[in-house]
Amino acid sequence: MYRVKVTVRMGTGGDDRRIVSLIVKALPRLGLSEEMISAMNVFPKEIAVYTEILPAFEKLYREHGKDVTFGPRCLKHCIDPTDIIVMEDLKDRNFQMAERQKGLDLEHCHTLLRRLAQFHAASAVYYERNGPYDAKFKEGMYAEKNRAMFEQFQAQHDVFMYETMCKWPNNGKLYAELTKRWGMDMFDVMLRITKPDPAKFNVLNHGDMWCNNMMFQYDGSEQIKEITLVDFQMCMWSSPVIDLHYFIFSSVRANLKLRQLDHLICYYYQHLTENLTLLQYGGVRPSLQDLHSDFIERQLYGLSTAFSVFPICVMEKTDNASIDLMLDQGDAGTAFKEKMYNGAAYVEQMIPILEYFYDNGAFDINQLGYQRPAGIEYDHSLYVPLWLDEQFFDDVVEAKLGPRTPGSARRRIRNIHLELATKKGDNYASVLYRAKVDVLNEGTGVVESFSSIVKAPPKGVLVEHMSYLKFSSREIRVYRELLPAFEQLYRDKGINVRFAPRCLKVCEGVPADVLVLDDLRHNGNSRMADRRAGLDQHHTELVLERLAKFHAASVVYVEQGNTLSDDFKGSLVVESMKQMGKQLFQPMLDGMIEFMASWDFVPADHHADLKELSKNVFDELATIITTREDRFNVLNHGDLWTNNMMFSSSTERATEVTLLDFQMSCWASPVIDLHSFLFSSVQADLKLPKLNYFLRYYQEQLVENLVLLGYRKPLPTLQQLLVDFNDHLMLGLIDTMLALPFALVPDSDDASLDTAIENSSEAGQRFQKLLLDNEELKLQMKQLLPYFRNRGVPRKANL
């Protein structure tokens, strides 16, 4: 912001001179702050507010005989050479800011709340008359498009805040432990609570309502005469409590903030209703009780303000203060933040504020029902779910080590260390944590150690699809009901088979859909194969043997009169898979086909066929996973590729395979698993030369196990299997185009389902280039695409 004093010559002779003072706001060219400001549309928002919205609000009041001015006059705006707004200088009219370090006394608070209520009331009436505000006002700082920007500095900031808060007096260490795991969970919750509820009362929030964004005019006796608001860059349509939280927990004087909290909300409410009545608002109005409830439900916004804006309000004046310095991750940024967060005034005032939020349940940000420290060790860069704490493992210990006998010594968890169980690119549909647990037997003093895998719901783009996909509920049923039943079928025949890791704990909904499994790597004998190298013949045969056992058990289980739930068969499964394909994987498929245009081994007419195919491919695939009663069906694993299996051995040669991840299991033709596995996970030089051999090998194993388990219907023949495999070859082509890139992609920190689907971010563009611009992928596609085409897939338009 610049203050510009312009000398203007008036009249014909130019003898009369006047000095005009202007405020010029310009988009900074400063690095991270420029990126942030651009991402949040602050200049387009503010220009629209000054030129369109404020004049309209003020006109509403004039129509009812009242003069209200909300902000300074805007005299010019432009976007060249940069985004610029020129306004009158309010100091010319003796407006001044309050002293931010002291905070506002009750008179100043009342003045602000009266004006804020007028602003909010006008915004609701404007919406009622003119319909929704422009799209840029739908969100503020917390928007999905800003996720990567937040992630960029979140981890280091979390470490800094933890170390800082641990030194605070009273319960500083407790609050540090409670907040240290928030990470991007905090961002996700803020996304949710800043969204408007269409069934409730909403307003255009100022969005940045702290003491430096209001100016006061005083009379000769220092009484407040007028107030005006400035900086409308963060305006957003949402609940009015967004502005109330922001204002109260940033700018109200320390001795009033909590003591007068209810009064301040009530005072605002009285003036809001008066102005809604004055402006003849006809929409939904909140009661005072409603407003307080909404204030509680969105209280994390106030706590966030106390951690972000409030320290700026009370810190001593410093010449080098800037957004970039706050975001800086070097020594200068750390020094600045230490000054912000260790100031005596800030720390002293935060003690009662944190106690208030603790007593109001704000630290339970995911609303799990409790606020308690984790009691576990993990790297600060790891975002651990809030429910994953020491108490969560109590029954895991009992499941792993066996129940205590009466009179036996008490067991006590001595230590839990958490880490990610997979590296980026090895797992996409969930988050896997490795929990290493040390348990002390208090009677003997012996410490027993074990390791388990905690399978938690996914983060990112997949979250919004979980409700209809039912990944978690499906896998929970597999582990809780089906796998034990399948394994019992073999035990009844004198054979021990373990299809999956031992399940130590199942949570359904509370605190989340979670599985805790044995860590197969703990004994050192189990490992994953190299997904990029693919499986050799011996490993492929091991997988087919185990798959045939799994399929055979599922068939006999159903033949014995057991029924599978709708999670595994029927129209709901088909529709959910179709919806997932269209919403999640269609962009990736389109990107792949577009990329293939540059491959010299793909003829133009073949590329055109593939492009045509992609338009309706997921409708066609839906028919493939539809159960046909006239064909042989099994419970498919549903996502059978290299990283969903582990191999173990007592010698150098693998002897056992264990299956993982049953989230996409479905009842349909066994060729679903065969296509998925053979085209994604087998060594390149074996895929086609050994294809029929592998199908024969599987069929022989399947029949052998069906006979063993007493299957009483006609056995599936190899010919029937080959016909089904050919009829469903479209699935193999799509697996080749969608699954094979994931199997072959080089290791990358950018790897995630989000970056594979969205290319709007730098990380997305980098990862998609790795996925598609991959020489090994091209080599394999050069062999596989002609195979599918020669088999009539995709079907040519002229045929």
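An unreviewed UniProt entry lists the protein chain under the name CHK kinase-like domain-containing protein, with Anopheles maculatus given as the organism.

**What about the pattern of salt bridges?**
Should their charged atoms come close, side chains of opposite charge can pair. What the rule picks out here adds up to 46 salt bridges. Across the pair Asp-609 and Arg-789 runs a salt bridge, and its minimum N-O distance is 3.6 Å. Residue Asp-609 is located in helix α21 (residues 604–613), and its partner Arg-789 is located in helix α30 (residues 775–790); the two are separated by 180 residues in the primary sequence. Connected via shared salt-bridge partners are Lys-470, Arg-477, Arg-480, Glu-508 and Asp-567.

**A short note on the domain arrangement of the protein chain**
Per the domain assignment, the segments of the protein chain are domain 1 (2–360), domain 2 (377–452) and domain 3 (465–790). Computed over C-alpha atoms only, the centres of domain 1 and domain 3 are separated by 51 Å.

**Details of helix α22 (residues 617–624)**
Along α22, the residues classified as buried are Val-617, Phe-618, Leu-621, Ala-622 and Ile-624. Considered in projection along α22, the buried side chains sweep an arc of 150° and stay on one side of the axis. If you follow the buried residues of α22, they end up packed against α20 (571–596), α21, α23 (671–681) and α27 (729–744).

**Examining empty space enclosed by the protein**
If you walk through the whole model with that rule in mind, you get 8 cavities of 30 Å³ or more. Put simply, the largest cavity is a space of about 920 Å³. Surrounding the largest cavity, 36 residues form its lining, Met-580, Phe-585, Gly-638, Asp-639 and Met-664 being those nearest its centre. Elements that contribute at least two residues to the lining of the largest cavity include exactly α20, α22, α23 and α27. When its residues are assigned to classes, the lining of the largest cavity shows 23 nonpolar, 8 polar and 5 charged. The residues that make up the lining of the largest cavity include at least three from each of domain 2 (377–452) and domain 3 (465–790).

**Here we look at the nonpolar core**
In this structure, Phe-247, Phe-393 and Val-454 are the most contacted members of the largest nonpolar core, which totals 139 residues. Examining the composition of this core, we find that 11 residues originate from one element, helix α2 (residues 42–62), more than from any other. With residues near it in sequence (within four places) discarded, Phe-393 still touches Leu-388, Ile-413, Ile-416, Ala-435, Val-437, Ser-452 and Val-454. Among the nonpolar cores identified, the runner-up in size contains 115 residues, and Tyr-428, Leu-469, Ile-625 and Met-781 belong to it.

**Some remarks on the side chain of Lys-455**
Mapped onto the elements, Lys-455 comes out in strand β13 (residues 447–456). Using a relative accessible area of 5% as the deciding quantity, one classes Lys-455 as buried. Within polar-contact distance, the side chain of Lys-455 engages the side chain of Asp-661 at 2.3 Å. Residues in contact with Lys-455, not counting those within four places in the same chain, are Ser-430, Val-431, Leu-432, Glu-475, Asp-513, Val-514, Leu-515, Asp-661 and Gln-663.

**Some remarks on the UniProt feature "domain: CHK kinase-like" (unreviewed entry) in the protein chain**
Mapped onto this numbering, the UniProt entry gives "domain: CHK kinase-like" (unreviewed entry) at residues 85–278 and 515–708. Taken end to end, residues 85–278 comprises 49% helix and 12% strand; its first and last C-alpha atoms sit 32 Å apart. Taken end to end, residues 515–708 has its terminal C-alpha atoms 31 Å apart, with 52% of it in helix and 10% in strand.

**Concerning the environment of Val-230**
Considering the arrangement of structural elements, one finds Val-230 in the loop between β8 (224–229) and β9 (236–238). The exposure class of Val-230 is buried, given its relative accessible area of 11%. Note: C-alpha distance between Val-230 and Phe-95 (135 residues apart in sequence) is 11 Å. The residues touching Val-230, leaving out its near neighbours within four places in the chain, are Tyr-50, Pro-72, Leu-90, His-206, Asn-212, Asn-213, Met-214 and Met-215.

**Quick look at the pairing of strand β14 (residues 503–507)**
As paired strands, β14 and strand β15 (residues 514–518) are joined by 4 bridges and run antiparallel to one another. Bridge pairing in β15 links Cys-507 to Val-514. Between the end of β14 and the start of β15, which pair antiparallel, lie 6 residues, with Gly-509 showing a positive phi angle near 85°.

Cut-offs used in this document
Residues numbered from 1 in each chain as written. Predicted model: local features only at pLDDT ≥ 70, side-chain atom pairs only at ≥ 80, totals over all residues. Heavy atoms only, no water. Salt bridge = Lys/Arg side-chain N within 4 Å of Asp/Glu carboxyl O. Helix = DSSP H or I, 4+ residues; strand = E, 2+ residues; numbered from the N terminus. Domains from an automatic or database assignment. Buried < 20%, exposed > 50% of the residue type's maximum accessible area, 1.4 Å probe, protein only. Arc of directions from axis to C-beta. Contact = heavy atoms within 4.5 Å. 1 Å grid on protein atoms, 1.4 Å probe; cavity = no way out; pocket = protein on both sides within 12 Å on 5 of 7 lines; lining within 4 Å. Points joined across faces, edges and corners; volume = space filled by probe spheres on them. Nonpolar A, V, L, I, M, F, W, Y, C, P; charged D, E, K, R; others polar. Core = buried A, V, L, I, M, F, W, Y, C linked by side-chain atoms within 4.5 Å. Polar contact = N/O pair within 3.5 Å; in protein donor to acceptor, adjacent residues only side chain to side chain. UniProt positions renumbered as here; feature names shortened; annotations may be inferred. Pairing = 2+ DSSP bridges.

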